[in-house]
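# Report on the structure
As a plain string of letters, each chain reads:
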Amino acid sequence: MTGEINGLASFAAGTLPDLVTAATVLLLTVVMLALYSWPLTVLLLLAFLPPALLTVRAFHHRAGPVYAEVAAAEAAVAAGFAESLPAQEQLRTSGSVPRWLERFARANERLLEAQSVEVRTELRLNRLALIQAGCVAGLLVLSAVLVGRGALSVGAAVVFVLATRDVFHRFEDLAGAIGDAREAQVRLARLLDLVRATGQHGSTGSVRTADALPARGELRLRGVGFGHRHDKRVIDELTLTVPPGERLVVAGGTGSGKSTLGKLLAGLYVPDAGSVRFAGHDIALVDPALLRSRIVLVPQEVHLVDGTLAENLAMSASRPGRAAVERTVELLGLTEWVGTLPYGLDTEVGTRTLSAGERQLVAVARAALTDPAVLILDEATAGVDRMTAARIEEALAALAADRTLIVIAHRADTIARGRRLLTMPDGRLTDIAGETAVRP
Ligand SMILES: Nc1ncnc2c1ncn2[C@@H]1O[C@H](COP(=O)(O)OP(=O)(O)O)[C@@H](O)[C@H]1O
Ligand SMILES: [Mg+2]
């Protein structure tokens, strides 16, 4: 994100004024040339402009995707670097530093490749130099002929040739600035994508009151398409109906779009095509606060706030009191687990006290307090110890039966009691009802 903003800022500060200056000087010089000899000026423009414009246009066409790839690769490297800081401890303890480094190296290689394509594309602009040389040669020959016939003075011919060189320089500046403008345009598009992806679309919500949105309802996806980049869809033409109370398992390899689907279902992303409806309402039009009380997504990585366990559990849209918190802990079968903490519900749980799996447990309990119609879990039991995973499953099993549960799992067999299986990225649905539950 900062990469995009820096890129835009330097464009506004440096390139934009250059663009205006180059265009103005270019225009004035052409006017001056025409005053010296308008037939020569017209000939010059006819000879120079078509091939030069074609070259710039071809560059313009290729530059969009090239700059998009560079920006995406830069973002990947920056993200890799940023994630390495908080995840350091985990990377080290799990012995995955070499694997992580490999991945980071791949991100860097991608950036290098993207940048070399960028340089090669920019070099295509060098054809302009050839076109210019041709024009100057032609101009010299023509001037010699005209001077010989007495149609042009020697002084005027010299001034003309010199001024022409200035026109070429300005044109080059202009072409360069157009390249920068293209780059800025790509960065702006990415920035808008990021803003859109963070779900700042609530102000347009036309469904605002709790009465307008039933407490339980069907989730319906119709022709949903979504891509993080314009040229590549992660999810394409996905149509799916999830009736209330359904237990749907979403499986697929890493990068197959499971988390993206989870965010689309939770209304964190707005589809590029098609719609996601809850109880008949397009969720893009539902007030975000209201939507969060109906559809809750427990992300892969749960962060807790500084404070006690009870305070963290109470961080839910329904603002539950102590009694409600205690009741839910009991209901979800978490009393024993809470008993293992030094001060029970009053244990301070900073960022480090609880394991990732235990933080998932907290998030599931918090979701239960919100009482959403749809609960989406993104790889809740991936990398969680057996005991905690069993606790998570027990808590899930204790949730109200009319609640829709969408369980995203890296491996299909990690979560028990699914009724249907959705396989990503192709969106294939399989009935798995009646099969024996498999515990992780
Ligand atoms: N914020 C993002 N910006 C750009 N690309 C992304 C972003 N999030 C995910 N992707 C890409 O979208 C694809 C699907 O990612 P994701 O939904 O996280 O898959 P999964 O959860 O199945 O591993 C991957 O190719 C991933 O690189
Ligand atoms: Mg994921």
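Before reading further, recall that the structure is shown in the block above.
### Things to note about the overall build of the protein
Summing up its helical and strand segments, the protein has 13 helices and 10 strands in all. Here the protein, with 440 residues, has 45% of them falling under the buried criterion. Considering only residue pairs separated by 6 or more positions, the protein has 76% of its internal contacts joining residues 24 or more positions apart.

### Quick look at the packing of helix α10 (residues 322-331) against helix α12 (residues 356-370)
Contact pair α10 / α12: the axes reach a minimum separation of 10 Å and the direction vectors enclose 120°. When the interaxial angle is binned, α10 and α12 end up oblique. With respect to the hand of their crossing, α10 and α12 are arranged in right-handed fashion. Here α10 contributes Ala 324, Val 325 and Thr 328 to the contact with α12, which in turn contributes Ala 365, Ala 368 and Leu 369. Considered class by class, the residues forming the contact of α10 with α12 number 5 nonpolar, 1 polar and no charged.

### Looking at the site of ligand 1
Around ligand 1, the neighbouring residues are His 228, Val 234, Gly 253, Thr 254, Gly 255, Ser 256, Gly 257, Lys 258, Ser 259 and Thr 260. Here an oxygen atom of ligand 1 and a side-chain polar atom of Ser 259 are 2.8 Å apart. With respect to ligand 1, the side chain of Thr 260 contributes an N or O atom lying 2.5 Å from an oxygen atom. For ligand 1, the accessible surface in isolation is 560 Å², of which the surrounding protein chains cover 59%. Here the shell around ligand 1 is built from residues that sort into 1 nonpolar, 8 polar and 1 charged.

### Comments concerning the pattern of salt bridges
It is possible for side chains of opposite charge to pair when their charged atoms get near one another. With the rule as written, the count across this model stands at 15 salt bridges. Among the ionic pairs, Glu 69 bridges to Arg 110, the shortest N-O distance being 2.9 Å. Placement of the pair is Glu 69 in helix α2 (residues 38-84) and Arg 110 in helix α4 (residues 97-123), with a sequence separation of 41 residues. Ionic pairing is found between Asp 173 and Arg 170, a salt bridge with its closest N-O pair at 3.7 Å. With Asp 173 and Arg 170 both in helix α6 (residues 154-197), this residue pair falls 3 residues apart, about one helical turn. Connected via shared salt-bridge partners are Glu 69, Arg 110, Arg 229 and Asp 231.

### Some points on the sheet that holds strand β1 (residues 219-226)
Ordered in space as β2-β1-β4-β5, the 4 strands form an open sheet in which the pairing is antiparallel. Two strands close off the open sheet at either side, each with one partner strand: β2 (235-242) and β5 (281-282). For β1 and β2, the ladder comprises 5 bridges, and the chain directions are antiparallel. In the strand pairing of β2, Val 224 is matched with Leu 238. Packing of helix α7 (residues 258-265) onto the sheet brings it into contact with β1, β2 and β4 (273-278), and relative to β1 it is tilted by some 125°.

### Things to note about the pairing of strand β7 (residues 374-378)
Taken across its 5 residues, β7 has 5 buried, putting it largely inside the fold. Side chains of β7 alternate between two faces, with Val 374, Ile 376 and Asp 378 and Leu 375 and Leu 377 buried alike. Sheet topology places strand β6 (residues 295-298) next to β7; 4 bridges connect them, and they run parallel. Among the inter-strand pairings, Val 298 is bridged to a residue of β7, identified as Leu 377. Crossover handedness for the path β7 to helix α13 (residues 386-398) to strand β8 (residues 404-409): right-handed.

### So, the sheet that holds strand β10 (residues 428-431)
Read across the sheet, 6 strands follow the order β6-β7-β8-β3-β9-β10 without closing on themselves; strand pairing throughout is mixed. One side of each edge strand has no neighbouring strand; the edge strands of this open sheet are β6 and β10. Between one strand axis and the next, the sheet turns by 20° as a mean value, whatever way the strands run. By the bridge criterion, 5 bridges tie β7 to β8 in an arrangement that is parallel.

### Section: the environment of Ser 318
The residue Ser 318 is located in the loop between α9 (309-313) and α10 in this model. On the accessibility criterion, Ser 318 (40% relative accessible area) is partly exposed. Taking the C-alpha atoms as reference points, Ser 318 and Thr 370, separated by 52 residues in sequence, lie 5.4 Å from one another. Beyond its immediate stretch of four places on either side in the chain, Ser 318 contacts Leu 369 and Thr 370.

### A word on a nonpolar patch on the surface
On the surface, Trp 38, Val 42 and Leu 46 cluster together into a nonpolar patch covering about 360 Å² of accessible area. By secondary structure assignment, the location of Val 42 is in helix α2. With a relative accessible area of 41%, Val 42 lands in the partly exposed category.

### With respect to unusual backbone geometry
Cis geometry is adopted by the peptide bond preceding Pro 425, which originates at Met 424 and carries an omega value of 5°. By the element assignment, Pro 425 lies in the loop between β9 (420-423) and β10. Its identity is not glycine, yet Asp 371 carries a phi of approximately 55°, on the positive side. Take Asp 371: it is sitting in the loop between α12 and β7. Residue classification places Asp 371 among the partly exposed residues on the basis of a relative accessible area of 38%.

Conventions used here
- Residues numbered from 1 in each chain as written.
- Chains lettered and ligands numbered in written order.
- Predicted model: local features only at pLDDT ≥ 70, side-chain atom pairs only at ≥ 80, totals over all residues.
- Heavy atoms only, no water.
- Helix = DSSP H or I, 4+ residues; strand = E, 2+ residues; numbered from the N terminus.
- Buried < 20%, exposed > 50% of the residue type's maximum accessible area, 1.4 Å probe, protein only.
- Contact = heavy atoms within 4.5 Å.
- Axes fitted to C-alpha atoms, helices over the stretch in contact; angles between N-to-C directions.
- Parallel < 35°, antiparallel > 145°, perpendicular 65-115°, else oblique.
- Left-handed = near helix turned anticlockwise from the far one by under 90°.
- Nonpolar A, V, L, I, M, F, W, Y, C, P; charged D, E, K, R; others polar.
- Near = heavy atom within 4 Å.
- Polar contact = N/O pair within 3.5 Å; in protein donor to acceptor, adjacent residues only side chain to side chain.
- Areas by Shrake-Rupley, 256 points an atom, 1.4 Å probe, with all protein chains shown as cover.
- Salt bridge = Lys/Arg side-chain N within 4 Å of Asp/Glu carboxyl O.
- Pairing = 2+ DSSP bridges.
- Right-handed = clockwise from strand over helix to strand, strands pointing away.
- Patch = residues over 30% accessible without salt bridge, like charges linked within 9 Å, V, L, I, M, F, W, Y side chains within 5 Å.

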